[in-house]
Amino acid sequence: MSVDAVLDTNVLLYAASKAPADHAKAEIALHLVGALNFGVPLQVLQEFLHNSRVKARLAIEADWLRQYYNRIYPLQTQAVAIP
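Residues numbered from 1 in each chain as written. Predicted model: local features only at pLDDT ≥ 70, side-chain atom pairs only at ≥ 80, totals over all residues. Heavy atoms only, no water.

A.B. asks: I'd like a description of the nonpolar core, backed by residues and values.
C.D. replies: Counting 11 residues, the largest nonpolar core is built from Leu 12, Leu 13, Ala 16, Val 44, Leu 45, Phe 48, Leu 49, Leu 58, Ile 60, Leu 65 and Tyr 68. Broken down by secondary-structure element, the contributors of at least two residues to this core are helix H1 (9-16), helix H3 (42-54) and helix H4 (62-72). Apart from residues lying up to four places away in sequence, Tyr 68 is in contact with Leu 45, Phe 48 and Leu 49. (Core = buried A, V, L, I, M, F, W, Y, C linked by side-chain atoms within 4.5 Å. Buried < 20%, exposed > 50% of the residue type's maximum accessible area, 1.4 Å probe, protein only. Helix = DSSP H or I, 4+ residues; strand = E, 2+ residues; numbered from the N terminus. Contact = heavy atoms within 4.5 Å.)

What follows is the structure, encoded as structure tokens:
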């Protein structure tokens, strides 16, 4: 499997953020998530899930997070060669 980019935790957090202060960054993050053929390391997913729950200012709802987790958890993981 080949990807064009590897996204970090902050991109995912801004893409999910509902905080008004993050609006401009959220738009950019959502564009990246929608436009790129990207990969996300497992550690980044774990950091995203953790930080989205403990950073209340992001206003990420628990139900949304649960649905997101249930959607990505069963996905088959694949190793990506990094040159």
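After that view, the rundown keeps rolling.
A.B. asks: Residues and numbers for the packing of H1 against H3, please.
C.D. replies: Between H1 and H3, whose axes approach to 9 Å, the crossing angle comes to 40°. Taken as axis vectors, H1 and H3 run oblique relative to one another. Taken as a pair, H1 and H3 cross one another with a handedness that is right-handed. On the side of H1, the interface is formed by Thr 9, Leu 12, Leu 13 and Ala 16, while H3 contributes Val 44, Leu 45, Glu 47, Phe 48, Asn 51 and Ser 52. Across the contact of H1 with H3, the residue classes break down as 6 nonpolar, 3 polar and 1 charged. (Axes fitted to C-alpha atoms, helices over the stretch in contact; angles between N-to-C directions. Parallel < 35°, antiparallel > 145°, perpendicular 65-115°, else oblique. Left-handed = near helix turned anticlockwise from the far one by under 90°. Nonpolar A, V, L, I, M, F, W, Y, C, P; charged D, E, K, R; others polar.)

A.B. asks: Please provide a residue-by-residue account of the confidence of the model for the protein chain, values included.
C.D. replies: Residues with a pLDDT of 70 or more make up 83% of the protein chain, whose mean pLDDT is 81. Element-level pLDDT for the protein chain is lowest in H4, with a mean of 73, against a maximum mean of 93 in helix H2 (residues 23-35). (pLDDT = per-residue confidence, 0-100.)

A.B. asks: Explain the side chain of Asp 22 residue by residue, including any values.
C.D. replies: Of note, Asp 22 is situated in the loop between H1 and H2. Discounting chain neighbours no more than four positions away, the residues touching Asp 22 are Tyr 14, Ser 17, Arg 57 and Leu 58.

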